[in-house]
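# Architecture and fold: a report
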There are 2 protein chains.
Amino acid sequence: MNILLAEADEIVDGCLILTDRRAEHIVKVLRADVGDTVRVGVVNGSKGSGVIEAITPKHPRSVRLRIRLQETAHVMPPIDLILALARPIMMRRILSQATALGVGRFYCIHANRVEKSFWEASLLDPDGYGEHLQQGLEQAVDTRMPEVHFFRRFKPFVEDFLPTIDSEYHRKIIAHPDGNQTLGQVMTGVQGRVLLAIGPEGGWVEYEVDKFGDAGFVNCSLGERILKVDTAVVALHARISQLLELEKR
Amino acid sequence: MNILLAEADEIVDGCLILTDRRAEHIVKVLRADVGDTVRVGVVNGSKGSGVIEAITPKHPRSVRLRIRLQETAHVMPPIDLILALARPIMMRRILSQATALGVGRFYCIHANRVEKSFWEASLLDPDGYGEHLQQGLEQAVDTRMPEVHFFRRFKPFVEDFLPTIDSEYHRKIIAHPDGNQTLGQVMTGVQGRVLLAIGPEGGWVEYEVDKFGDAGFVNCSLGERILKVDTAVVALHARISQLLELEKR
């Protein structure tokens, strides 16, 4: 945890009182004491610092902080992800790592090779996935919570929903081993937002690749090495970020 | 497992007989049967295919394959990694993911913020880390096993060892949040091999940054987001790979 996150309504008259895992973290992991300062941010708001004013003993532990917020939040990251829903253990890692790297919106969708049982996971509740997004923000010292949207049917997602967000993106990319273009080629000149679609273990089926193509996605390969989905998400995000930075120079 | 790996001496007269987890994998995961073909590679050698000639029932299960090797091995990947030894659970993930991405050599070293106890891990035995390298190769359909070297003392590594490999690299980079250059800047014009040093959780200490600087490493930041070591390894590898590909065009 490199920043302690609080909801806006938890801060009253510049004062934040913690009694949950964050209080434990301050005392046990940071080993902070009265008078020490920790980095604090408001979810979807500003960043700043908190000075510890009081720590009461455990059962229940309570930590009171005096908050000063002076830095504005990051702008929305330039990359949004479409993810074929992965098995929960993989999905947790992806959400947390991608949030640390910076993602504006996650669109988690069904695909032919997504197991139906994945849609029963408790991870799909806001409480389920929220924890992993928060871990990613706490790691990356960010306050902007990504949006997460679920689409249990593939066809309505590509045919009906995608056209409604199409104009937000300068480039839409589908990762596919048979893609005949490289990321370097399709990202040339791109300075706006990017929407990247990453398939399930085993990849997209041909019908899905065609539907993304119809929706204006360019088909892009990462080379001949086959990667696990979680590795592919981080690697593709990093490559696109690098190419966006080069275009900005 | 996207390729079944065997040692060269396991193949006798074009025939490979498996009785271990690979036999189980063929039958239970791939659900392959007599007459089916699976992708086969020889560790540090060629790739090709194996036709299943016989499967005997379990206790013990045995699978006999007729092997044909026609593709040569990949060339050595252009990136080598210096890693401050991480805790075993993290180290396993890094070795397997980085091997999937393609690494020539791993130099695992001590650093100020590496816990002494990490050096007691069974992961440091060839049998310990070998399994994770093999998983990475099996994932990425590669046969070239990375080299792994351990250095339990920081100073002899940078002062005595690094100069002996210096001439192999076109660029040597140390990842550090205070780095005043971007990867895009330091990779401009680089077409040869790259040696990248990634620190422990909490980062390199100033002395270590200085020693790498004395050894000719450029100090490079990935931006203001703080990443976990395993995320950073994949993200930095991906960015450097992308920049090397651009330079080749």
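Residues numbered from 1 in each chain as written. Chains lettered and ligands numbered in written order. Predicted model: local features only at pLDDT ≥ 70, side-chain atom pairs only at ≥ 80, totals over all residues. Heavy atoms only, no water.

### Comments concerning the overall build of chain A
- Secondary structure assignment for chain A yields seven helices and 12 strands.
- Looking at chain A as a whole, 55% of its 249 residues are labelled buried.
- Within chain A, contacts between residues separated by at least 24 positions form 71% of all contacts whose residues are at least 6 apart in sequence.
- As displayed, chain A has an accessible area near 11400 Å², and 48% of this comes from carbon and sulfur atoms.
- Of the side-chain charges in chain A, 30 are positive and 33 negative, and the distance between the mean point of each set is 4 Å. (Helix = DSSP H or I, 4+ residues; strand = E, 2+ residues; numbered from the N terminus. Buried < 20%, exposed > 50% of the residue type's maximum accessible area, 1.4 Å probe, protein only. Contact = heavy atoms within 4.5 Å. Areas by Shrake-Rupley, 256 points an atom, 1.4 Å probe, with all protein chains shown as cover. Lys, Arg positive; Asp, Glu negative; His and termini not counted. Charge placed at Lys NZ, Arg CZ, Asp CG, Glu CD.)

### A word on the UniProt feature "domain: Ribosomal RNA small subunit methyltransferase E PUA-like" (unreviewed entry) in chain A
- Here the UniProt-annotated "domain: Ribosomal RNA small subunit methyltransferase E PUA-like" (unreviewed entry) positions come out as residues 18-59 of chain A.
- A helix fraction of 21% and a strand fraction of 40% characterise residues 18-59 of chain A, whose end C-alpha atoms lie 13 Å from each other. (UniProt positions renumbered as here; feature names shortened; annotations may be inferred.)

### Describing the domain arrangement of chain A
All names here are of chain A.
- Per the domain assignment, the segments of chain A are domain 1 (4-71) and domain 2 (79-248).
- For domain 1 and domain 2, the distance between their C-alpha centroids amounts to 34 Å.
- Taken together, the 10 residues of domain 1 in the interface contact eight residues of domain 2.
- Together, the buried faces of domain 1 and domain 2 total about 780 Å²; carbon and sulfur atoms form 54% of this surface.
- Linking domain 1 with domain 2 are one salt bridge, by the criterion used here.
- Of the charged contacts, one joins Glu138 and Arg21 as a salt bridge, the two residues approaching to 2.9 Å between their closest N and O atoms. (Domains from an automatic or database assignment. Buried area = accessible area lost by both parts, 1.4 Å probe. Salt bridge = Lys/Arg side-chain N within 4 Å of Asp/Glu carboxyl O.)

### Quick notes on the sheet that holds strand β2 (residues 11-12) of chain A
All names here are of chain A.
- Reading across from one edge, β1-β4-β5-β6-β3-β2 is the order of the six strands in this open sheet, with mixed pairing throughout. Single-partner strands in this sheet number two, and they are β1 (4-6) and β2.
- Looking at chain direction, strand β5 (residues 47-56) and strand β6 (residues 62-71) are connected through nine bridges and run antiparallel. Paired with Lys47 across the bridge in β6 is Glu71. (Pairing = 2+ DSSP bridges.)

### Quick word on the pairing of strand β10 (residues 169-175) of chain A
Residue and element names in this part refer to chain A.
- Most of β10 is tucked away, with five of its seven residues classed as buried.
- Where β10 and strand β11 (residues 193-198) come together, five bridges link them in parallel fashion. The residue bridging Ile174 from the neighbouring strand is Ala197, located in β11.

### A short note on the packing of aromatic side chains
- For the structure shown, the criterion picks out 24 aromatic pairs over all chains.
- An aromatic cluster of three or more residues is present, and its members are Phe154, Trp204, Tyr207, Phe212 and Phe217 of chain A. (Phe/Tyr/Trp six-rings, centres within 6.5 Å; stacked < 30°, edge-to-face > 60°.)

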